[in-house]
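# Structure assessment
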Amino acid sequence: MQGQKYVVAFVITAAIFATAFYIANRLDARRVADIRATQEAVSIDILSLETQFDLLGSLECSTIADNPILSEELNSLAGRLSVAEENLGQGNAEVVSLKKQYSLLEIKDYLLMREISQKCPKFKPVYILYFYSNNGDCPDCGRMGDVLTYLRETYPGLRVYSFDYHLDLSALRTLVGSRKIIETKGLPAFVVNNKAPVYGFKNLQEMQVLIPELKTLATTTATQ
Amino acid sequence: MDAGAFGLYICLFIALYFEVFLLISFFEKKPAKKNSELPAHYPSVSMLVPCYNEERTLGKTIESLLALQYPQDKLNIVVIDDGSQDNTATIGREYAQTYPGRVSFLQKENGGKYTALNLGINQSRGEIIGCLDADSFAAPDALLEAVKHFESDRSIMAITPAMKVYRPRKLLELMQSVEYTFGIFYKKMFDNLSAINVLPGPFSLYKREVFRRIGMFRHAHNTEDMEIAFRMHQHGLRIVNAHTAFVYTTVPQTVRALLKQRTRWSQGFLQNARDYRHMFFNRRYGNFGTLILPFALASFLAGIYAALYAAYRITSAAVARVSDIVATGIPPHLPAHAELSWFYLNTTMMTFVVAAVLAMTFVAIVLGSRIAEARLSVKSFAAYFAFFGLLAPLWLIRAAWGALLARQSAWR
């Protein structure tokens, strides 16, 4: 009887642990589904914009300049992906797949924005293509990410596109090649508009010097 | 998962297993309600009140014993002053003069609580020896409730009461009132397992033959009430809990005093556990040897580990944050677009396991309050859950350090 109680207590305790494991996994699965749904929505939005662009040959430039297209959705996706990566691990197949989709959306948005900016002379956004590594070989990447997040929050017109350098995605490899990003020069690396790549960590003050265009962008009152 | 987190899971598993085990014990044998039956026989009782500098509360303690519902000719109160430097002796002497035959007063040089108790045992004649710390007060029916247990089963050799905090008002007292209620549940479940691990100073009762068979109180690292319980288990003497015998005790009102008291208890446990290490995992000593002692030690170590791990994580995160702020040059700010969504909640397995442990603790406290007919306010629960986890590691670590250095902790 006494021995049975020891066993029953063990089984109940193990069952509580198993339940905790199950709930945590279910919530992580819901997170992944949530990210996927958002990505699909963003994907449709980009496709719609591209189609609209193709159909009309041009868009109402004032509308674009006043409303940063998809910027919010992409930023929100970045935050959610980061949480998912933290919970599930960066090697998780779902996370990797979501990151690839996200990177593709970023590239498409970047290309579209470039095209729009050429067609709309008044629309002069500032782009940063940011390349980081999650492989443990880039101790400054976290801090660089913090600086860019702060800049993006301060200047809503600034468009920051973050890419995991080691992500196995052909479109990303093409982007890396076209922007001449060389890993051996040391990550983090970033490209501001069409300028030459900059390597290594830069703090907030250094970034403000590196990107004089920031002065042309409106700032949020909340963070200034 | 890193090794540190894995260790924390092991600690949580131990805590949860223990709580589940005790809850199973509760549902197997629920504590009986208080009834109005009176004992058929009233054994003579000598209530010993050892005291050292207790002028503030001694009078009230003696008054509570004088008010016990028990035949006057069967109850003798023995106040033993252990060389106090305040007015304790004067108060004790006055009571002995006012209530001759009912209150006796003994005085001795300071030698520690156990020496005062032993003097009281030698100088008294009761069939039952009761002890009541001079900072505690017994409920009027506490002795009747306890004596009924001796009558119900002749094999019972000692009885522990249900201890409550006397008039908790300050935050620290409210925290301890919840802790003591939790203790009432634990004590009753330990009783169900025949494995009560301590006979507390406030209102524990012994048959006189206990001391004839196993000897008198010992210094026992200033925790003679714990050591005698260990020794009784070693000799197969039965201890039960009278959950309807209430005793109210004053508790430390400052963090410093609390740390001192709990360090003494915890260090006493470690040192007594070392002295009685042969009982660990020894089936000859029943649940006391196979369950309570190992789990008590494991809980002790788990508490220290969890606290150190949490401190390490919090400190390293804080250091990293400060270093990031300095390196990045980003002024302190709130996120510009903080999103309120479940998505950002911490829903790791650890969160749910910790929630399960806290929920079990809450259930145990509620059951304890039902057993002891105690009412706990929301503020008390808040104080307990907010502060106990922060304070307990401090005395656990101090006690472990003290035990390692074999320092003697002070009685007062």
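Note that the structure is predicted; figures quoted are calculated from it, not measured.

Before going further, it helps to spend a moment on the overall build of chain B. Check the secondary structure of chain B and you find 12 helices and eight strands. Here the C-alpha radius of gyration of chain B, 23 Å, is about what a compact globule of 412 residues would show, namely 22 Å. With respect to the principal axes defined by its C-alpha atoms, chain B has extents near 80 × 45 × 40 Å. Relative to its full complement of 412 residues, chain B shows a buried share of 45%. Sequence separation of at least 24 residues holds for 84% of the intrachain contacts in chain B that already meet a minimum separation of 6.

Before going further, it helps to examine the pairing of strand β1 (residues 45-51) of chain B. All names here are of chain B. When you tally the buried positions in β1, you get seven out of seven residues, the bulk of the element. Burial of the side chains of β1 extends over both faces: V45, M47, V49 and C51 are buried on one face and S46, L48 and P50 on the other. Relative to strand β2 (residues 75-82), β1 runs parallel, the two sharing seven bridges. Residue pairing in the sheet places C51 in a bridge with D81 of β2. Each parallel crossover has a hand, and for β1 linked through helix α2 (residues 58-66) to β2 it is right-handed. In the sheet, β1 pairs with strand β4 (residues 128-131) via four bridges, with the strands oriented parallel. When the bridges of β4 are listed, S46 appears paired with I129.

Residues and elements named next belong to chain A. Its domain assignment divides chain A into domain 1 (1-124) and domain 2 (126-224). Between domain 1 and domain 2, the residue contacts involve 13 residues of the former and 15 residues of the latter. Of all the elements in the fold, those that place two or more residues in the side of domain 1 that touches domain 2 are α3 (71-88) and α4 (93-119). In terms of residue count, the dominant contributor to the side of domain 1 that touches domain 2 is α4 (eight residues). Looking at the side of domain 1 that touches domain 2 residue by residue, the classes come out as six nonpolar, four polar and three charged.

Contacts between the two partners involve 23 residues from chain B and, on the opposite side, 30 residues from chain A. Listed by contribution, the elements that provide at least two residues to the side of chain B that touches chain A are α1 (3-28), α10 (286-328) and α11 (349-371) of chain B. For the side of chain B that touches chain A, the element with the highest residue contribution is α1 of chain B, accounting for six residues.

So, on to the sheet that holds β4 of chain B. Residues and elements named next belong to chain B. Pairing is mixed across the open sheet formed by eight strands, whose spatial order is β3-β2-β1-β4-β7-β6-β8-β5. Where the open sheet ends on each side, the last strands, each with one partner, are β3 (103-108) and β5 (136-138). In this sheet, neighbouring strand axes are inclined to one another by 30 degrees on average, regardless of whether the strands run parallel or antiparallel. In this sheet, strand β7 (residues 204-207) lies alongside strand β6 (residues 156-165) in antiparallel orientation, the contact comprising two bridges.

The subject of this paragraph is the sheet that holds strand β3 (residues 189-192) of chain A. Residues and elements named next belong to chain A. On the basis of which strands lie adjacent, the open sheet formed by four strands has the order β2-β1-β3-β4 and mixed pairing. Each edge of the open sheet is held by one strand with a lone partner, namely β2 (158-164) and β4 (198-199). Bridge count between strand β1 (residues 126-132) and β2: seven bridges; the pairing is parallel. Residue pairing across strands places Y127 opposite R159, the latter belonging to β2. Across the sheet, α4 is in contact with β1 and β2; its angle to β2 comes to roughly 145 degrees. In the packing of helix α5 (residues 141-154) onto the sheet, contacts are made with β1 and β2, and the angle to β1 comes to roughly 160 degrees.

The subject of this paragraph is the packing of α1 of chain B against helix α6 (residues 171-192) of chain B. All names here are of chain B. Their axes nearest at 9 Å, the elements α1 and α6 cross at an angle of 70 degrees. Between α1 and α6, the angle falls in the class roughly perpendicular. The segment α1 lies against α6, with L22, S25, F26 and E28 engaging Y186, M189 and N192.

Okay, the nonpolar core next. V49, A138 and A142 of chain B are the most contacted members of the largest nonpolar core, which totals 114 residues. With near-sequence residues (within four places) excluded, V49 of chain B lies in contact with T61, I62, I77, V78, V79, I80, L132 and A134 of chain B. Counting residues in hydrophobic clusters, the runner-up holds 29 residues, among them Y132, Y150, F190 and I211 of chain A.

Between α5 of chain A and α10 of chain B, the shortest axis-to-axis distance is 10 Å and the interhelical angle comes to 65 degrees. Remark: the crossing between α5 of chain A and α10 of chain B carries right-handed chirality. Each of R143, D146 and V147 of chain A in α5 of chain A lies in contact with α10 of chain B, whose residues at this interface are D324, A327 and T328 of chain B. Class assignment for the residues of the contact of α5 of chain A with α10 of chain B results in two nonpolar, one polar and three charged.

L187 of chain A connects to P188 of chain A through a cis peptide bond whose omega is 5 degrees. By the element assignment, P188 of chain A lies in the loop between α6 (170-178) and β3. In the Ramachandran plot, F203 of chain B falls in the positive-phi region, its phi being about 65 degrees despite a non-glycine side chain. Here F203 of chain B lies in the loop between α6 and β7. Located in the positive-phi region is A220 of chain B, a residue other than glycine, with phi close to 50 degrees. If you trace the backbone, A220 of chain B turns up in the loop between α7 (208-214) and α8 (224-234). Residue classification places A220 of chain B among the partly exposed residues on the basis of 19 C-beta atoms within 10 Å.

The rules behind each value
Residues numbered from 1 in each chain as written. Chains lettered and ligands numbered in written order. Predicted model: local features only at pLDDT ≥ 70, side-chain atom pairs only at ≥ 80, totals over all residues. Helix = DSSP H or I, 4+ residues; strand = E, 2+ residues; numbered from the N terminus. Rg over C-alpha atoms; globule rule 2.2 N^0.38 Å. Buried ≥ 20, exposed ≤ 12 C-beta atoms within 10 Å, placed from the backbone. Contact = placed C-beta atoms within 7 Å. Pairing = 2+ DSSP bridges. Right-handed = clockwise from strand over helix to strand, strands pointing away. Domains from an automatic or database assignment. Nonpolar A, V, L, I, M, F, W, Y, C, P; charged D, E, K, R; others polar. Axes fitted to C-alpha atoms, helices over the stretch in contact; angles between N-to-C directions. Parallel < 35°, antiparallel > 145°, perpendicular 65-115°, else oblique. Core = buried A, V, L, I, M, F, W, Y, C linked by C-beta atoms within 7 Å. Left-handed = near helix turned anticlockwise from the far one by under 90°.

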